[in-house]
Amino acid sequence: MAGGQAVPQVSQVPGAADVPAAAEAVLACGEVRTCLLQHSQALTGQAAAGLLRLRAGQRVLLSERPNPYALSPDVLTGVDCDLPTASGAKVRAVGTVTARATLTEGRLLQTDAFCAVTADGPDRRRHWGHYLARPGMVEPFGKLPDRDVADGMLAGAGRLGELDVGAIAERVLRTVLRDPALDRAAPFRARLTRLRWVALRAPDGAGSSIENFTVAQDGLRTVELRLAGGVGTAAAARLCEDLALHDWLLTTLVRMVERSRLGSADGRDAVVALRPAIDHLLHLWIPTARVDLELHPLWEVLEREPGFSRQWQILVQRIRDQLALLAVSAHVQP
(Lines give C-alpha, C1' and ligand atoms only; values in the text may rest on other atoms or scores of the structure.)
Protein backbone atom coordinates (compact mmCIF):
# COMPACT_ATOMS: atom_id res chain seq x y z
CA MET A 1 0.00 0.00 0.00
CA ALA A 2 1.20 3.49 -0.78
CA GLY A 3 -0.46 4.79 2.34
CA GLY A 4 -3.75 6.58 2.83
CA GLN A 5 -6.74 5.81 0.66
CA ALA A 6 -6.32 2.73 -1.54
CA VAL A 7 -6.30 3.72 -5.19
CA PRO A 8 -6.12 1.29 -8.14
CA GLN A 9 -2.93 1.21 -10.16
CA VAL A 10 -3.30 3.52 -13.14
CA SER A 11 -1.77 3.71 -16.57
CA GLN A 12 1.02 6.05 -17.53
CA VAL A 13 1.13 8.65 -20.24
CA PRO A 14 3.85 7.29 -22.62
CA GLY A 15 7.23 8.93 -22.20
CA ALA A 16 6.09 11.15 -19.35
CA ALA A 17 8.86 10.03 -16.96
CA ASP A 18 11.44 11.65 -19.22
CA VAL A 19 9.80 15.05 -19.01
CA PRO A 20 11.43 17.35 -16.40
CA ALA A 21 9.33 18.09 -13.35
CA ALA A 22 7.09 21.09 -13.68
CA ALA A 23 8.50 24.43 -12.55
CA GLU A 24 6.34 24.51 -9.43
CA ALA A 25 7.75 21.18 -8.16
CA VAL A 26 10.07 22.05 -5.27
CA LEU A 27 10.71 18.57 -3.85
CA ALA A 28 11.39 15.13 -5.31
CA CYS A 29 11.81 11.86 -3.44
CA GLY A 30 12.31 8.20 -4.12
CA GLU A 31 13.64 4.88 -2.92
CA VAL A 32 15.72 2.25 -4.73
CA ARG A 33 15.97 -1.48 -3.99
CA THR A 34 19.10 -3.26 -5.30
CA CYS A 35 19.72 -7.00 -5.14
CA LEU A 36 21.17 -10.01 -6.91
CA LEU A 37 18.67 -11.66 -9.23
CA GLN A 38 17.67 -15.02 -7.80
CA HIS A 39 18.65 -17.04 -10.85
CA SER A 40 21.59 -19.31 -11.63
CA GLN A 41 22.41 -17.72 -14.99
CA ALA A 42 22.61 -14.14 -16.21
CA LEU A 43 19.52 -13.44 -18.30
CA THR A 44 19.77 -12.77 -22.01
CA GLY A 45 18.21 -9.61 -23.41
CA GLN A 46 15.11 -11.49 -24.51
CA ALA A 47 14.69 -13.16 -21.12
CA ALA A 48 15.25 -9.83 -19.32
CA ALA A 49 12.56 -8.24 -21.49
CA GLY A 50 10.14 -10.97 -20.48
CA LEU A 51 10.96 -10.58 -16.80
CA LEU A 52 10.52 -6.78 -16.76
CA ARG A 53 7.36 -6.53 -18.84
CA LEU A 54 5.40 -4.95 -16.00
CA ARG A 55 2.70 -3.54 -18.28
CA ALA A 56 1.04 -5.53 -21.02
CA GLY A 57 1.60 -4.05 -24.45
CA GLN A 58 4.46 -1.81 -23.31
CA ARG A 59 8.01 -2.41 -24.53
CA VAL A 60 11.01 -3.11 -22.29
CA LEU A 61 13.97 -0.97 -23.38
CA LEU A 62 17.20 -2.90 -23.98
CA SER A 63 20.73 -1.54 -24.27
CA GLU A 64 24.04 -3.31 -24.97
CA ARG A 65 26.44 -0.40 -24.40
CA PRO A 66 28.40 0.06 -22.23
CA ASN A 67 26.94 -3.14 -20.73
CA PRO A 68 23.70 -5.13 -21.08
CA TYR A 69 20.83 -3.24 -19.48
CA ALA A 70 17.05 -3.61 -19.46
CA LEU A 71 14.53 -0.97 -18.34
CA SER A 72 10.89 -1.80 -17.66
CA PRO A 73 8.01 0.42 -18.70
CA ASP A 74 6.97 2.84 -15.98
CA VAL A 75 4.05 1.92 -13.74
CA LEU A 76 2.01 4.53 -11.91
CA THR A 77 0.42 4.12 -8.50
CA GLY A 78 -2.25 6.59 -7.42
CA VAL A 79 -1.89 7.95 -3.89
CA ASP A 80 -4.14 9.98 -1.61
CA CYS A 81 -2.43 10.19 1.76
CA ASP A 82 -0.42 12.27 4.21
CA LEU A 83 3.20 13.10 3.47
CA PRO A 84 5.78 12.19 6.14
CA THR A 85 6.96 15.22 8.12
CA ALA A 86 9.70 15.59 10.71
CA SER A 87 7.47 17.77 12.89
CA GLY A 88 4.49 15.44 12.78
CA ALA A 89 2.34 18.00 10.97
CA LYS A 90 -0.32 16.56 8.69
CA VAL A 91 0.12 17.41 5.01
CA ARG A 92 -2.37 15.63 2.77
CA ALA A 93 -1.42 15.14 -0.88
CA VAL A 94 -2.82 13.46 -3.98
CA GLY A 95 -1.16 12.33 -7.19
CA THR A 96 0.80 9.49 -8.74
CA VAL A 97 4.13 7.78 -7.99
CA THR A 98 6.28 6.36 -10.80
CA ALA A 99 7.85 2.93 -10.34
CA ARG A 100 10.07 0.84 -12.60
CA ALA A 101 12.58 -2.02 -12.62
CA THR A 102 15.99 -2.42 -14.25
CA LEU A 103 18.33 -5.35 -14.83
CA THR A 104 22.07 -4.80 -15.37
CA GLU A 105 24.21 -7.49 -17.01
CA GLY A 106 21.24 -9.83 -16.69
CA ARG A 107 22.19 -10.21 -13.05
CA LEU A 108 21.63 -7.11 -10.86
CA LEU A 109 18.01 -6.19 -10.24
CA GLN A 110 16.84 -2.75 -9.14
CA THR A 111 13.39 -1.36 -8.50
CA ASP A 112 12.73 2.32 -7.96
CA ALA A 113 9.72 4.42 -6.97
CA PHE A 114 9.79 8.22 -7.09
CA CYS A 115 7.69 11.36 -7.45
CA ALA A 116 7.89 15.16 -7.44
CA VAL A 117 5.85 17.31 -5.06
CA THR A 118 4.58 20.75 -6.04
CA ALA A 119 5.05 23.89 -3.96
CA ASP A 120 1.32 24.18 -3.37
CA GLY A 121 -2.03 22.84 -4.48
CA PRO A 122 -5.76 23.29 -4.15
CA ASP A 123 -7.57 22.91 -0.86
CA ARG A 124 -9.62 20.03 -2.15
CA ARG A 125 -9.06 17.00 -4.32
CA ARG A 126 -9.37 17.34 -8.09
CA HIS A 127 -10.72 14.69 -10.48
CA TRP A 128 -8.29 11.87 -11.33
CA GLY A 129 -7.95 13.02 -14.91
CA HIS A 130 -5.99 16.02 -13.63
CA TYR A 131 -3.47 13.80 -11.81
CA LEU A 132 -3.18 11.32 -14.67
CA ALA A 133 -2.20 14.18 -16.95
CA ARG A 134 0.75 14.88 -14.58
CA PRO A 135 2.33 11.43 -14.07
CA GLY A 136 4.81 11.14 -11.24
CA MET A 137 3.56 14.35 -9.65
CA VAL A 138 1.98 14.75 -6.21
CA GLU A 139 0.09 17.90 -5.12
CA PRO A 140 -0.35 18.92 -1.47
CA PHE A 141 -3.45 20.52 -0.09
CA GLY A 142 -2.32 24.10 0.38
CA LYS A 143 1.31 25.19 0.72
CA LEU A 144 4.03 22.53 1.04
CA PRO A 145 6.43 22.81 4.03
CA ASP A 146 9.24 21.45 1.85
CA ARG A 147 12.02 21.25 4.46
CA ASP A 148 9.74 19.54 6.98
CA VAL A 149 8.55 17.03 4.38
CA ALA A 150 12.09 16.39 3.05
CA ASP A 151 13.27 15.51 6.57
CA GLY A 152 10.22 13.32 7.05
CA MET A 153 10.84 11.51 3.76
CA LEU A 154 14.46 10.78 4.72
CA ALA A 155 13.31 9.37 8.06
CA GLY A 156 10.71 7.19 6.31
CA ALA A 157 7.00 6.82 6.79
CA GLY A 158 6.42 6.57 10.52
CA ARG A 159 2.64 6.72 10.79
CA LEU A 160 -0.15 4.70 9.25
CA GLY A 161 -1.47 6.37 6.13
CA GLU A 162 1.71 8.24 5.19
CA LEU A 163 3.24 8.08 1.73
CA ASP A 164 5.77 5.23 1.58
CA VAL A 165 7.60 5.18 -1.77
CA GLY A 166 9.80 2.37 -0.44
CA ALA A 167 6.75 0.13 -0.11
CA ILE A 168 5.91 0.79 -3.77
CA ALA A 169 9.47 -0.10 -4.84
CA GLU A 170 9.27 -3.23 -2.67
CA ARG A 171 6.00 -4.27 -4.27
CA VAL A 172 7.54 -4.05 -7.74
CA LEU A 173 10.57 -6.01 -6.53
CA ARG A 174 8.38 -8.81 -5.16
CA THR A 175 6.40 -8.90 -8.39
CA VAL A 176 9.56 -9.42 -10.43
CA LEU A 177 11.07 -11.98 -8.06
CA ARG A 178 7.88 -14.09 -8.09
CA ASP A 179 8.28 -14.72 -11.82
CA PRO A 180 8.18 -18.51 -12.36
CA ALA A 181 11.00 -18.25 -14.93
CA LEU A 182 13.49 -17.66 -12.08
CA ASP A 183 15.05 -20.80 -10.60
CA ARG A 184 15.97 -19.03 -7.31
CA ALA A 185 19.50 -20.47 -7.40
CA ALA A 186 21.73 -17.38 -7.26
CA PRO A 187 25.45 -18.08 -7.77
CA PHE A 188 26.43 -16.43 -4.45
CA ARG A 189 24.94 -14.81 -1.35
CA ALA A 190 24.37 -11.05 -1.30
CA ARG A 191 22.15 -8.77 0.73
CA LEU A 192 19.57 -6.35 -0.58
CA THR A 193 20.27 -2.65 -0.06
CA ARG A 194 17.88 0.31 0.06
CA LEU A 195 18.70 3.85 -0.96
CA ARG A 196 16.23 6.57 0.08
CA TRP A 197 16.66 10.00 -1.46
CA VAL A 198 15.18 13.48 -1.49
CA ALA A 199 15.97 16.44 -3.70
CA LEU A 200 15.16 20.08 -3.02
CA ARG A 201 15.59 22.90 -5.52
CA ALA A 202 18.96 24.67 -5.41
CA PRO A 203 19.00 28.45 -4.92
CA ASP A 204 18.75 30.51 -8.10
CA GLY A 205 22.01 30.40 -10.01
CA ALA A 206 23.45 27.52 -7.96
CA GLY A 207 24.35 24.13 -9.43
CA SER A 208 23.18 20.68 -8.40
CA SER A 209 24.90 19.16 -5.37
CA ILE A 210 24.94 16.28 -2.90
CA GLU A 211 24.27 17.64 0.58
CA ASN A 212 24.42 14.40 2.57
CA PHE A 213 25.09 10.71 2.00
CA THR A 214 24.74 8.32 4.94
CA VAL A 215 25.16 4.55 5.36
CA ALA A 216 23.25 2.69 8.07
CA GLN A 217 23.91 -0.83 9.32
CA ASP A 218 20.58 -2.28 8.19
CA GLY A 219 21.26 -1.86 4.48
CA LEU A 220 19.70 1.60 4.29
CA ARG A 221 21.43 4.54 2.64
CA THR A 222 20.06 8.08 2.52
CA VAL A 223 20.92 10.85 0.09
CA GLU A 224 19.91 14.49 0.05
CA LEU A 225 20.36 16.42 -3.20
CA ARG A 226 19.95 19.97 -4.44
CA LEU A 227 18.81 20.20 -8.05
CA ALA A 228 19.57 23.14 -10.29
CA GLY A 229 16.77 24.60 -12.37
CA GLY A 230 15.97 22.46 -15.39
CA VAL A 231 17.09 19.18 -13.80
CA GLY A 232 14.08 16.89 -13.72
CA THR A 233 12.97 14.24 -11.26
CA ALA A 234 13.73 11.43 -13.72
CA ALA A 235 17.36 12.61 -13.99
CA ALA A 236 17.68 12.62 -10.20
CA ALA A 237 16.18 9.12 -10.07
CA ARG A 238 18.70 7.85 -12.63
CA LEU A 239 21.56 9.31 -10.59
CA CYS A 240 20.29 7.62 -7.44
CA GLU A 241 19.83 4.30 -9.25
CA ASP A 242 23.45 4.51 -10.40
CA LEU A 243 24.65 5.40 -6.91
CA ALA A 244 22.62 2.54 -5.42
CA LEU A 245 24.03 0.08 -7.97
CA HIS A 246 27.66 0.98 -7.28
CA ASP A 247 27.10 1.15 -3.52
CA TRP A 248 25.67 -2.40 -3.72
CA LEU A 249 28.67 -3.59 -5.75
CA LEU A 250 31.14 -2.10 -3.28
CA THR A 251 29.26 -3.36 -0.22
CA THR A 252 28.96 -6.86 -1.66
CA LEU A 253 32.64 -7.04 -2.65
CA VAL A 254 33.74 -5.85 0.81
CA ARG A 255 31.68 -8.61 2.44
CA MET A 256 32.98 -11.26 0.06
CA VAL A 257 36.60 -10.28 0.76
CA GLU A 258 35.93 -10.36 4.50
CA ARG A 259 34.33 -13.83 4.30
CA SER A 260 37.19 -15.15 2.16
CA ARG A 261 39.77 -14.23 4.87
CA LEU A 262 42.00 -12.99 2.10
CA GLY A 263 45.56 -12.65 3.42
CA SER A 264 45.01 -14.91 6.44
CA ALA A 265 43.58 -18.08 4.90
CA ASP A 266 45.18 -20.47 2.46
CA GLY A 267 45.52 -18.60 -0.82
CA ARG A 268 43.70 -21.23 -2.84
CA ASP A 269 40.77 -21.29 -0.41
CA ALA A 270 40.50 -17.50 -0.57
CA VAL A 271 40.49 -17.50 -4.36
CA VAL A 272 37.80 -20.19 -4.45
CA ALA A 273 35.69 -18.07 -2.08
CA LEU A 274 36.20 -15.03 -4.30
CA ARG A 275 35.52 -16.82 -7.58
CA PRO A 276 31.93 -15.43 -7.77
CA ALA A 277 33.28 -11.89 -7.47
CA ILE A 278 35.78 -12.55 -10.24
CA ASP A 279 33.15 -14.12 -12.49
CA HIS A 280 30.21 -11.79 -11.85
CA LEU A 281 31.20 -8.46 -10.26
CA LEU A 282 34.63 -7.08 -11.09
CA HIS A 283 33.70 -5.95 -14.62
CA LEU A 284 30.54 -4.08 -13.56
CA TRP A 285 32.11 -0.91 -12.16
CA ILE A 286 31.07 1.78 -14.69
CA PRO A 287 29.96 4.88 -12.72
CA THR A 288 27.68 7.45 -14.47
CA ALA A 289 27.24 5.24 -17.55
CA ARG A 290 23.54 6.13 -17.67
CA VAL A 291 23.51 9.38 -15.66
CA ASP A 292 22.64 12.69 -17.30
CA LEU A 293 25.80 14.67 -18.13
CA GLU A 294 24.75 17.64 -16.04
CA LEU A 295 24.77 15.44 -12.92
CA HIS A 296 28.19 13.81 -13.51
CA PRO A 297 29.92 16.30 -11.18
CA LEU A 298 27.91 14.90 -8.26
CA TRP A 299 29.63 11.54 -8.66
CA GLU A 300 32.98 13.34 -8.49
CA VAL A 301 31.98 14.50 -5.00
CA LEU A 302 31.54 10.88 -3.94
CA GLU A 303 34.92 10.02 -5.43
CA ARG A 304 36.53 12.50 -3.05
CA GLU A 305 34.50 11.48 0.01
CA PRO A 306 33.96 8.60 0.77
CA GLY A 307 36.03 7.58 -2.28
CA PHE A 308 33.94 4.87 -3.94
CA SER A 309 36.20 4.06 -6.89
CA ARG A 310 39.36 4.26 -4.81
CA GLN A 311 38.07 1.65 -2.37
CA TRP A 312 36.81 -0.52 -5.24
CA GLN A 313 40.18 -0.45 -7.00
CA ILE A 314 42.03 -1.33 -3.79
CA LEU A 315 39.84 -4.39 -3.30
CA VAL A 316 40.14 -5.45 -6.93
CA GLN A 317 43.93 -5.09 -6.79
CA ARG A 318 44.11 -7.25 -3.65
CA ILE A 319 42.20 -10.00 -5.43
CA ARG A 320 44.38 -9.76 -8.53
CA ASP A 321 47.55 -9.78 -6.43
CA GLN A 322 46.36 -12.98 -4.76
CA LEU A 323 45.73 -14.56 -8.15
CA ALA A 324 49.21 -13.51 -9.30
CA LEU A 325 50.83 -15.02 -6.20
CA LEU A 326 49.05 -18.31 -6.76
CA ALA A 327 50.15 -18.35 -10.40
CA VAL A 328 53.77 -17.70 -9.40
CA SER A 329 53.65 -20.37 -6.69
CA ALA A 330 52.29 -22.94 -9.14
CA HIS A 331 55.00 -22.06 -11.63
CA VAL A 332 57.97 -22.39 -9.22
CA GLN A 333 56.85 -25.64 -7.58
CA PRO A 334 59.08 -28.58 -8.59
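Let us look at the structure shown here. (Residues numbered from 1 in each chain as written. Predicted model: local features only at pLDDT ≥ 70, side-chain atom pairs only at ≥ 80, totals over all residues. Heavy atoms only, no water.)

### A closer look at the state of the cysteines
Applying the stated rule across the entire model yields zero disulfides. Cys115 carries a free sulfur, and the closest cysteine sulfur to it, the one in Cys29, is 3.7 Å from it. (Disulfide = S-S within 2.5 Å.)

### Here's the deal with the packing of aromatic side chains
Using the criterion set out here, one finds five aromatic pairs in the structure. Relative to Trp312, the ring of Trp285 lies with its centre 4.6 Å away and its plane at 15°, an arrangement referred to as stacked. Of this pair, Trp285 sits in the loop between helix 6 (267–280) and helix 7 (296–304) while Trp312 sits in helix 8 (residues 308–332), and the two are 27 residues apart along the sequence. For the pair Trp285 and Trp312, a shared accessibility class is recorded, and that class is buried. One aromatic cluster is present, formed by Phe213, Trp285, Trp299, Phe308 and Trp312 through successive ring pairs. (Phe/Tyr/Trp six-rings, centres within 6.5 Å; stacked < 30°, edge-to-face > 60°. Helix = DSSP H or I, 4+ residues; strand = E, 2+ residues; numbered from the N terminus. Buried < 20%, exposed > 50% of the residue type's maximum accessible area, 1.4 Å probe, protein only.)

### Description of helix 3 (residues 146–155)
Among the residues of helix 3, those classed as buried are Asp148, Val149, Ala150, Gly152, Met153 and Leu154. The elements touched by buried residues of helix 3 are strand 2 (25–36), strand 11 (193–201) and strand 13 (220–227). Just beyond helix 3, the residue with positive phi is Gly156, at close to 95°. (Contact = heavy atoms within 4.5 Å.)

### A look at the side chain of Arg107
Structurally, the position occupied by Arg107 is in the loop between strand 6 (92–104) and strand 7 (108–118). Buried charged residue Arg107 carries no salt bridge. Nearest counter-charge: Asp183, at 7.6 Å. Among the polar contacts made by the side chain of Arg107, one reaches the main-chain carbonyl oxygen of His39 at a distance of 3.0 Å. Once you skip the residues sitting within four places of it in the chain, Arg107 turns out to touch Cys35, Leu36, Leu37, His39, Ser40, Gln41, Ala42, Pro187 and His280. (Lys, Arg positive; Asp, Glu negative; His and termini not counted. Salt bridge = Lys/Arg side-chain N within 4 Å of Asp/Glu carboxyl O. Polar contact = N/O pair within 3.5 Å; in protein donor to acceptor, adjacent residues only side chain to side chain.)

### Overview of the environment of Pro203
Take Pro203: it is sitting in the loop between strand 11 and strand 12 (209–215). By relative accessible area, which is 57% here, Pro203 ends up exposed. Put simply, Pro203 and Ala228 are 25 residues apart on the chain and 7.6 Å apart in space, counted from C-alpha to C-alpha.

### Re the pairing of strand 2
A large share of strand 2 lies buried, amounting to 11 of its 12 residues. Here strand 2 runs beside strand 11; their pairing, made up of eight bridges, is antiparallel. Looking at strand 11, one finds that Cys29 is bridged to Val198. (Pairing = 2+ DSSP bridges.)

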